[in-house]
Amino acid sequence: MLRIRPDSPHPLYDLAATRAIEHSAAASLPPHTLMQRAGLATARLARALAPHARAAWIVCGPGNNGGDGLEAAAHLHRAGIRVTVTWLGSEGRLPPDAQHSLQRARDAGVDFADAPTIALTAADICIDALLGIGLAPGGAARPPPPHWLALLAQLRAAPACLLCVDLPSGLQTDTGAWAAGFAPDAPAQAACHTLALLTLKPGLFTAQGRDAAGTVWLDTLDVLADESLASARLTGPSPAAQRAHASHKGSYGDVAVVGGEGLARRGMGMEGAALLAASAALHAGAGRVLLALLDDGALPAAVGAPELMQRRFEALDLEALTVVCGCGGGESVAEVLPAVLARAARLVLDADALNAIASDAALQTALAERATRRWGTILTPHPLEAARLLGCSAQAVQADRLAAAQRLVQRFGCVCVLKGSGSVVAGPGRVPAINPTGNARLATAGTGDVLAGMLGAHWAAGKESFAAACSAVYQHGRLADRWSEGQALVASALAKASNFD
Ligand SMILES: NC(=O)C1=CN([C@@H]2O[C@H](COP(=O)(O)OP(=O)(O)OC[C@H]3O[C@@H](n4cnc5c(N)ncnc54)[C@H](O)[C@@H]3O)[C@@H](O)[C@H]2O)[C@@H](O)CC1
Ligand SMILES: [K+]
């Protein structure tokens with residue numbers, strides 16, 4: 001069994017891949033073996049998480065997820081724990097594995113009741129074995145019976161540690177979105193863990209998945225999955241790039257940040273956003289960073305960033321630069337975008353640049369044409385920006401983040417970083433990646449500009465676009481994960497830390 005930490009990459013398997021792996025494994029093993037392994041793994045983790053538990057309350061659903069819970073119940077009962085199973089299946093309509101496990105739990109002498117038979121304390125354990133990958137998908141889901149939801153609410157509100165079997169019940173395997181009706185009103189009261197069985201599912205790591213699943217564990221049930229079936233990958237750290245002694249500032253690429261509309265145009269000075277991106281590029285290791293503020297935007301004298309080279313936009317040699325365009329560009333960015341799209345060989349498009357493209361069909365055509373010239377482009381939308389580009393709602397993007405990122409890739413032929421909890425990186429011909437680092441402290445103004453600058457630096461230093469996107473997103477999140485508790489995370493400090501491990 002493995003605790004999933006962000007320090008190593010993992011393949012992720014969607015519902016179809018998991019079912020295929022399950023079927024081929026089950027075919028080569030004696031009946032009920034996988035469920036028995038799953039139940040034993042669940043009981044072992046429960047005991048490790050709650051070593052002093054006197055009581056366990058296990059809510060078991062009508063399918064094989066419930067079967068895993070029943071198997072675990074028998075083990076915990078034999079270990080001397082007072083186990084109560086609240087079983088929601090119906091006799092005679094059970095899959096064979098779960099039927100077998102029901103009998104084993106009964107034979108072991110487990111208590112069956114509607115609620116725990118003794119009051120639970122913080123030392124005890126609750127197990128959610130209501131629904132796993134068999135949850136009816138997306139909009140097809142029938143509304144869950146109200147008493148199921150009441151039980152899930154009770155599990156989450158209990159003072160005991162909560163262990164979810166395979167998935168938190170109601171979380172969708174492939175998307176990490178809650179099925180209709182299942183989203184909790186409040187997060188779990190005590191520590192929450194999820195034991196993924198057989199495979200890690202993408203839904204555990206993006207959208208609502210990270211909040212819902214808590215700490216994720218994996219037990220492969222001794223089945224070696226065929227990695228070619230992976231539908232996505234959880235990224236890990238990139239190997240540190242070695243810098244040769246015989247190198248110079250030109251060896252690590254030139255990044256140009258284009259953005260930062262001045263105060264004069266609309267009474268909104270947005271130079272700070274461009275400055276944050278430029279500072280992040282500089283600290284993330286770019287050899288030279290050029291800053292082209294739009295519409296006569298000017299850096300305040302007090303800013304003090306002598307390494308940044310200011311340029312008029314017209315003076316930029318776009319063909320030779322890694323261009324980061326958008327950050328604080330306001331309305332002015334639309335005026336430079338035709339030239340940027342037509343001439344920049346490597347281009348990161350963020351924020352206002354994405355909004356300008358979303359509202360202009362000619363710019364969209366120019367963006368799509370870049371791929372036919374084999375010019376690299378990386379888009380870094382948050383869900384609302386992605387929705388504008390796709391002509392749908394932000395809710396539709398969040399309902400299937402992997403699919404939304406892939407649609408942007410197909411439409412514009414570029415790499416797409418869809419930001420948000422569990423950022424998705426998708427690229428032409430690539431298995432999409434989900435980033436495991438980052439936290440809610442990044443939900444503050446300017447952190448997106450910092451990411452765009454870091455991305456420019458990673459790309460300019462020689463990585464290919466997809467790898468640069470994965471490594472910059474990982475590093476950006478890791479900085480936030482390691483931020484000291486007592487120190488406010490402000491974007492300018494994040495930018496300055498952007499090359500620290
Ligand atoms: N069979 C096997 O080989 C293995 C199965 N495993 C477990 O089995 C799980 C999958 O089992 P199943 O395919 O039986 O599926 P589940 O047990 O996840 O759910 C299926 C049941 O839930 C009901 N249901 C689905 N959506 C509902 C909704 N919205 N409202 C009310 N009821 C709903 C279905 O009618 C069905 O009765 C995995 O997640 C894992 O926990 C593991 O034991 C590993 C091996
Ligand atoms: K579950």
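The structure under discussion appears in the preceding block.
Residues numbered from 1 in each chain as written. Chains lettered and ligands numbered in written order. Predicted model: local features only at pLDDT ≥ 70, side-chain atom pairs only at ≥ 80, totals over all residues. Heavy atoms only, no water.

Quick look at the environment of Gly132
- Secondary-structure assignment places Gly132 in the loop between strand 6 (125-129) and helix 5 (146-157).
- For the pair Gly132 and Cys164, spaced 32 residues apart in sequence, the C-alpha separation works out to 9.0 Å.
- Residue contacts for Gly132: discarding those within four places in its chain leaves Asn65 and Leu167. (Helix = DSSP H or I, 4+ residues; strand = E, 2+ residues; numbered from the N terminus. Contact = heavy atoms within 4.5 Å.)

Details of the pattern of salt bridges
- A complete count under the given rule lists 13 salt bridges for this structure.
- Residue Arg104 is joined to Glu71 by a salt bridge in which the shortest nitrogen-to-oxygen separation is 2.9 Å. Taken together, the residues span a long stretch of sequence, with Arg104 in helix 4 (residues 96-108) and Glu71 in helix 3 (residues 64-78) at a distance of 33 residues.
- Residue classification places Glu71 among the buried positions, given a relative accessible area of 1%.
- The salt bridge partner of Asp254 is Arg288, with a shortest N-O separation of 2.8 Å. Taken together, the residues span a long stretch of sequence, with Asp254 in strand 11 (residues 254-259) and Arg288 in strand 12 (residues 288-293) at a distance of 34 residues.
- You can call Asp254 buried: its relative accessible area is 18%.
- Ionic contacts of the salt-bridge type, sharing partners, join the residues Glu261, Arg266 and Glu331 into one network. (Salt bridge = Lys/Arg side-chain N within 4 Å of Asp/Glu carboxyl O. Buried < 20%, exposed > 50% of the residue type's maximum accessible area, 1.4 Å probe, protein only.)

Details of the sheet that holds strand 17 (residues 415-418)
- Reading across the sheet, the 11 strands line up as 2-10-19-18-17-16-15-14-11-12-13 and stay open at both edges, with mixed pairing between neighbours. With partners counted over all chains shown, the strands left at the sheet margins are strand 2 (10-12) and strand 13 (309-310), one partner each.
- Judged from the three bridges that link them, strand 17 and strand 18 (residues 424-426) form a sheet pairing that is antiparallel. Paired with Val417 across the two strands is Val425, which belongs to strand 18. (Pairing = 2+ DSSP bridges.)

Everything listed is a geometric property; what it means functionally is a separate question.
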